[in-house]
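Reading the structure
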Amino acid sequence: MKEGKWIKCNERLPDLEGTDEYKISGRVLGFGSEGVHRFETYQIVRLHGDNKFYTDEDVCMQITHWMPLPEKPEEYKR
């Protein structure tokens, strides 16, 4: 998949991994809008098995588009 391309959530969601009881995606960059005033936000999120996006702090976000994160720098790859 090409990096840097926004994907609409109504077209495709990130792949989920894990057990049947608890599935979660890898981290992605999400874009969406929150609240009555449609405050735009960019967040690092994961898709959970309930088809909702959450931050690492377990805050549910209204994400409309997402994209994969870039690769780690070479010196941090194992």
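Shown above is the structure to which this text applies.
To keep things clear, this report deals only with the structure shown in the data block. As the structure is a prediction and not an experimental result, all values here were calculated from the model. (Residues numbered from 1 in each chain as written. Predicted model: local features only at pLDDT ≥ 70, side-chain atom pairs only at ≥ 80, totals over all residues. Heavy atoms only, no water.)

**Examining the overall build of the chain**
A count of helices and strands for the chain gives zero helices and eight strands. Secondary structure elements of the chain, listed N to C terminal, follow the sequence β-β-β-β-β-β-β-β. Counting every position in the chain, which comprises 78 residues, the buried fraction comes to 27%. Put simply, of all contacts in the chain between residues at least 6 apart along the chain, 49% involve residues at least 24 apart. Carbon and sulfur atoms make up 48% of the accessible area of the chain, which amounts to about 6200 Å² in all. (Helix = DSSP H or I, 4+ residues; strand = E, 2+ residues; numbered from the N terminus. Buried < 20%, exposed > 50% of the residue type's maximum accessible area, 1.4 Å probe, protein only. Contact = heavy atoms within 4.5 Å. Areas by Shrake-Rupley, 256 points an atom, 1.4 Å probe, with all protein chains shown as cover.)

**Describing unusual backbone geometry**
Although it is not a glycine, asparagine 51 sits at a positive phi angle of roughly 65°. Looking at the secondary structure, you find asparagine 51 in the loop between β5 (39-47) and β6 (53-54). By relative accessible area, asparagine 51 is classed as partly exposed at 49%. Phi is positive for aspartate 58, which is not a glycine, with a value near 65°. Structurally, aspartate 58 is set in the loop between β6 and β7 (60-61).

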